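Coordinates in review
Below, each chain spelled out in residue letters.
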Amino acid sequence: MSAYLARSKRTFGVKAQDNNNNSSENENLLNVNLSIDNEVEYNKRNVVLSPEASLLTMDSISLKNNYFECPICNEEIFGIFQLNNHLDIVHTENQSGNVILSIFRKTQKITEDITGAKTNIKNVQPIINKSHWEKSSIDDKCSYPECKKQLGIRNGKQNCYCCGKLFCDMHTNFSMRLSELAKPDSNSPNWFKVCQSCYTSREGYNNAEGQHKSLTHIFLEARKNNIEKLCLEENLLILRLEKLAKSLSVLHEKKGVSVNQRAIEQSVVQWKEDSSTYQCYRCNSRFGKVRNRRHHCRLCGQLFCNDCLEELPLYRDIKDETTLIGTTKSCNHCKRIVFRQKEMNTKEKLPQEAKLYEQIKFNQSIVDSMLPKYNELLLKLSLKSSGTFSKDSYQEAALYREKLIKNFHQIDLLSKRILKLPANSKYHRTLQTNIAKGSIIFLQNNMITLKMLPEKDEINVINEDIEKTKRIKEINVAMEALNDQYSMLQGYYQDALFNRKFDNAKILEESIQDITLEIEKLKVELEEINF
Amino acid sequence: MDIVKILQTYVQKMINNTPGMKILLLDDNTTQYISLIATQSTLLSKEVFLIDKIENTSREKMKHLKCICFLRPSSKSVQLMIDELRNPCYGSYYLYFSNILTKSQIERMAEADQQETVRELQEFYGDFCAINSNFYSLNLQNYQIFGDSLSTWNNETFKRTVEGLRAVLLALKKRPMIRYEKNSALGKRLASEINYQIQQESQLFDFRRYDTPPILLILDRKNDPVSPLLNQWTYQAMVHELIGINNGRVDLSKISDIKPDLKEIVLSADQDVFFKNNMYLNFGDLGVNIKNYVNEFQNRHHNSDNIESISDMKKFVEEYPEFKRLSGNVSKHVTLVSELSRLVSQNSLLEVSELEQNLACVNNNNDLKEVQNLIKRSNITNESKIKLVLLYTIRYGRQNINEVKELVQLLLQNGISEEQTRTIEQLIKYAELNERQNEETTTSTIFDKGKNVFKGLKGVENVYTQYTSKVADIIQSLLKGKLKDQFYPYIEGSIRDRPQDIVVFIIGGATYGEARDIAKLNEEIPNVRIIIGGTSIHNTKSFISFVKNATSVL
Ligand SMILES: [Zn+2]
Ligand SMILES: [Zn+2]
Ligand SMILES: [Zn+2]
Ligand SMILES: [Zn+2]
Ligand SMILES: [Zn+2]
């Protein structure tokens, strides 16, 4: 770790003054300061040269891809050949470095004695392309963005084996496996020193995407198999239901004629013997003689307790609501299956807030597509020196701006309308409030970026006409909203009357009156403008 | 390797894939995961207009909504999902599970989906709390870790831990080499089960080749009972120690005259730049920064005085949500820091902490006397007194058991209940203090002789932060290739290369102090990335009750 930047020491509570504070003012001053820091750093490096530190990591020495600490600067380096290389590049020009070098060579000799490997280190050097390396000169600066340290003895000088550019020690303290062509290759047996940029820009290094697994396919397959089975059951049950409905309607027509209803029901499906079980087919509760009596599901014939049985409407044609002719009993499993398709196909009426939200989304999509264009135009306008920009692009921008504001306004109005909608449950209220909140967030995010147009006297965009048409539009929008509310309130009012909730009705009536008044007011204003 | 960002990306994928009005359904677990990493406004701007729990059975039918479910595949949540699909409230369903589903769970859901409302079923492995970008927790503070002895797992907790840690690795896309602490039976079992799981799910764990495989290092809290006992002096750790952070939220309602909107505050590095910049700073630097923060705000506030009328001002404030947010944030941090500062002086925490640090770092002849003095003092909390005796016991207890007994007597004389003093006995059992005979020669001593990793890098910071957690020492040794296999064995194979990515997991819980030490290492050593987490997150209080709970199995 060469990160021995001179750091301010901290006493508790107070941060010591940083002596680099005023550095950005003068380039020369900066260099002086830096070199002072580097002196400090350098002295520290020498201090580190205790025998313990320079003995390297003896126990882990081998000639393969081990990690070493440079005895001079304590950098972490992979492989002996690279350590050698590093010493050549970084420390040769340096007197005291040579002393260290000799220490190192000695250790190396010891190592060779221990391992018995008397190979020339230079021969172990793996082949790698260096043709793209930046040439070293007297005045090199670190290529890492915003580092710009002077390269040399103090900060080190090292080509990144990957990109080939020159860096300081701190920014080449990274190792990667590289191919002979100097490209990242995890399968390569050889480690090389690379710069921080190459290290962190490796493919997948900064991936924020966690592992995931899609089971949709498996799920849909399983569901399909299941639905196929279900359809057979469904068809059977629908047949039984329709048969039941038909026979019972015949029964209704022949009023007075005594027909055994149970016989008809049992002709549709075989009923389970009462004695065949002592517990409910669904909830397993025990049947009793008086309490918890047994009942048959008219569709599957199994025995159920009263709680597990539901009322089942009888249609002669299950697809036609109007053919209802009465009810019977069935278990909820059968009921769910027999009405499955019907349930799937019924479309709930879209609530008012959802309709209004569709409009909001429409306006938002306009803003989303227009805002970047507007900002682009603004940028163009501001680049051209004032006075020379074309009248056309100015007007175009003004037009965009006006449209954007109109859409913002529209979104605002719509969200306010949503807030004023009556809500028939806590959930609808929350939904409405949150839709409104969402559109306010949208407005906040986008309106801040809507910059003013540069001043321009000769084009007086705002005139009375525009003002007038704007107001007319506003009134129309407001009227629309009020009319919506009016009709809705009328609906609730009728409901309240019908349900004899007169308190509610009274409040609703008052609101209706308020709205009528408001509508009248707007009508008058509209007439005045048009006149 | 930013674990917060990974969870956020999961959530983004869930909600971006499905345009239109949406409801987000969560369960008890995922609610905690999500609330740490997503804000209401980010969800709202992606058209998530309702958020509810699947446990809530009184939900209303709203067929015009799409429903996104993010659930933990517990048998309870899956059953609730099945019930939901039998009688669907919403138009269509997009199901995401935070861990691996069993085949039968998938089949049962498919069978329940008779109305064919499900459009999507995926596993997104976000099955943990992402606290900081390099700190996670499995949130198992309410689980009993131990089975019938301190060397066996509770079966349920074990299963849950394996699932959680497996999810962490999947989310990080790491197929690691696994190391554990030799003396930890729990660690060994967890290590081999994770290894087994990786082989079982080899398709899921099939990632891009690394230059060198990542390391999963499984540690046991019993080998470092000191870290969770010390007073903390960096912002986030201090808040948790003195007030408590619960799922990213801090309860300030006990402060007198607190403003209603500050009764519960959120501390999130992701949403709060001031917090992000200061969470790891020590209290002194924090004080300076908060002063500057207030000044900066006041300057901006002052500029707005030029606005002439009150209505102008009102408009100004409304038009600048940023300004509003800032003012809220300023008062939040001012309130929090002044409360911390009040607690520090009220309970003489500086004095306590100095002695704690001495006990943790250096042998000192006066230690016994100083502990005795502080026990006699009235402006020191009972909790602090017990803590000091615990630390004394850890350092000297083996040689001087009689002194410990004397200290316990002294505690009793000074109004501490017998029940509370039992903690000392419990800690001795939990940390196996009596069995640590020959450890001075191994690497797994509890105290590393006062060695401070950062001392060499930055100079001694100050007397209150001398101690560095043991995990930081271990990581340093690991990076230097000096972590001995005999004490930290691999569960399978071994590797000589210097690791580039390390995931640490602490059985028995991690601390914010450790998270901070790791964050600092990440900053100092840019060529390595380290992530730390554990079964839960401790402060002294929760650690003591954890120890109590642990020894209750005996
Ligand atoms: Zn060097
Ligand atoms: Zn490079
Ligand atoms: Zn550099
Ligand atoms: Zn029943
Ligand atoms: Zn039936």
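Fair warning: this is a prediction, and the values are worked out from it, not measured in the lab. (Residues numbered from 1 in each chain as written. Chains lettered and ligands numbered in written order. Predicted model: local features only at pLDDT ≥ 70, side-chain atom pairs only at ≥ 80, totals over all residues. Heavy atoms only, no water.)

Considering all chains together, one arrives at 23 aromatic pairs over all chains under this definition. Considering the side-chain rings of Tyr96(B) and Phe124(B), the 4.9 Å spacing of their centres and the 40° angle between planes classify their relative orientation as tilted. Of this pair, Tyr96(B) sits in strand S4 (residues 90-97) while Phe124(B) is found in strand S5 (residues 118-124), placing the two residues 28 residues apart along the sequence. Neither Tyr96(B) nor Phe124(B) differs from the other in exposure class; each is buried. Three or more aromatic residues joined by ring pairs make a cluster, and in this case those are Phe146(B), Tyr430(B), Phe543(B) and Phe546(B). Sitting above the plane of the Tyr205(A) ring, Arg529(B) keeps its charged end 3.5 Å from the centroid. (Phe/Tyr/Trp six-rings, centres within 6.5 Å; stacked < 30°, edge-to-face > 60°. Helix = DSSP H or I, 4+ residues; strand = E, 2+ residues; numbered from the N terminus. Buried < 20%, exposed > 50% of the residue type's maximum accessible area, 1.4 Å probe, protein only. Lys NZ or Arg CZ within 6 Å of the ring centre and 35° of its normal.)

Where strands meet in a sheet, backbone hydrogen bonds hold them as pairs that are either parallel or antiparallel. Residues and elements named next belong to chain B. Spatially, S6-S7-S15-S13-S9-S8 is the arrangement adopted by the six strands of the open sheet, whose pairing is mixed. The open sheet terminates on both sides in strands that have one partner only, identified here as strand S6 (129-132) and strand S8 (177-180). Direction aside, neighbouring strands of the sheet carry axes that sit 25° apart on average. One ladder, built from three bridges, connects S6 with strand S7 (residues 135-137); its direction is antiparallel. For Ala130, the partnering residue across the bridge sits in S7 and is Tyr136. With respect to the sheet, helix H7 (residues 185-200) is in contact with S8, strand S9 (215-220) and strand S13 (501-507), its orientation differing from that of S8 by roughly 170°. (Pairing = 2+ DSSP bridges. Axes fitted to C-alpha atoms, helices over the stretch in contact; angles between N-to-C directions. Contact = heavy atoms within 4.5 Å.)

In this section: the coordination of the zinc ion (ligand 3). For a metal bound by four donors in a tetrahedral arrangement, the ideal donor-metal-donor angle is 109.5 degrees, while six donors in an octahedral arrangement ideally sit at 90 or 180 degrees. All names here are of chain A. Ligation of the zinc ion (ligand 3) by protein atoms is provided by Cys142 (SG), Cys147 (SG), Cys168 (SG) and His171 (ND1), these donors lying 2.0 to 2.3 Å from the ion. Geometry at the zinc ion (ligand 3) is tetrahedral, judged from the four donor atoms that bind it and their angles of 98 to 123° at the metal. Sequence spacing of the donor residues for the zinc ion (ligand 3), all on one chain, is C-x4-C-x20-C-x2-H. Taken together, the positions of Cys142 in the loop between helix H5 (121-124) and strand S5 (158-159) and His171 in the loop between strand S6 (166-167) and strand S7 (174-177) put the pair 29 residues apart, joining distant regions of the chain. (Donors = N, O, S within 2.8 Å, 3.2 Å for Na, K, Ca; no water. Tetrahedral: all angles 85-135°; square planar, octahedral: opposite > 155°, others 65-115°.)

On to the coordination of the zinc ion (ligand 4), then. Residue and element names in this part refer to chain A. The protein atoms that coordinate the zinc ion (ligand 4) are Cys280 (SG), Cys283 (SG), Cys305 (SG) and Cys308 (SG), at distances of 2.2 to 2.4 Å. Seen from the zinc ion (ligand 4), its four donor atoms lie at angles of 104 to 117°, and the figure they make is tetrahedral. Positions of the donor residues of the zinc ion (ligand 4) along the chain correspond to the pattern C-x2-C-x21-C-x2-C. Here Cys280 is found in the loop between helix H8 (261-268) and strand S10 (295-296), whereas its partner Cys305 is found in the loop between strand S11 (303-304) and strand S12 (309-315), with 25 residues between them in sequence. The same class applies to Cys280 and to Cys305, which are both buried.

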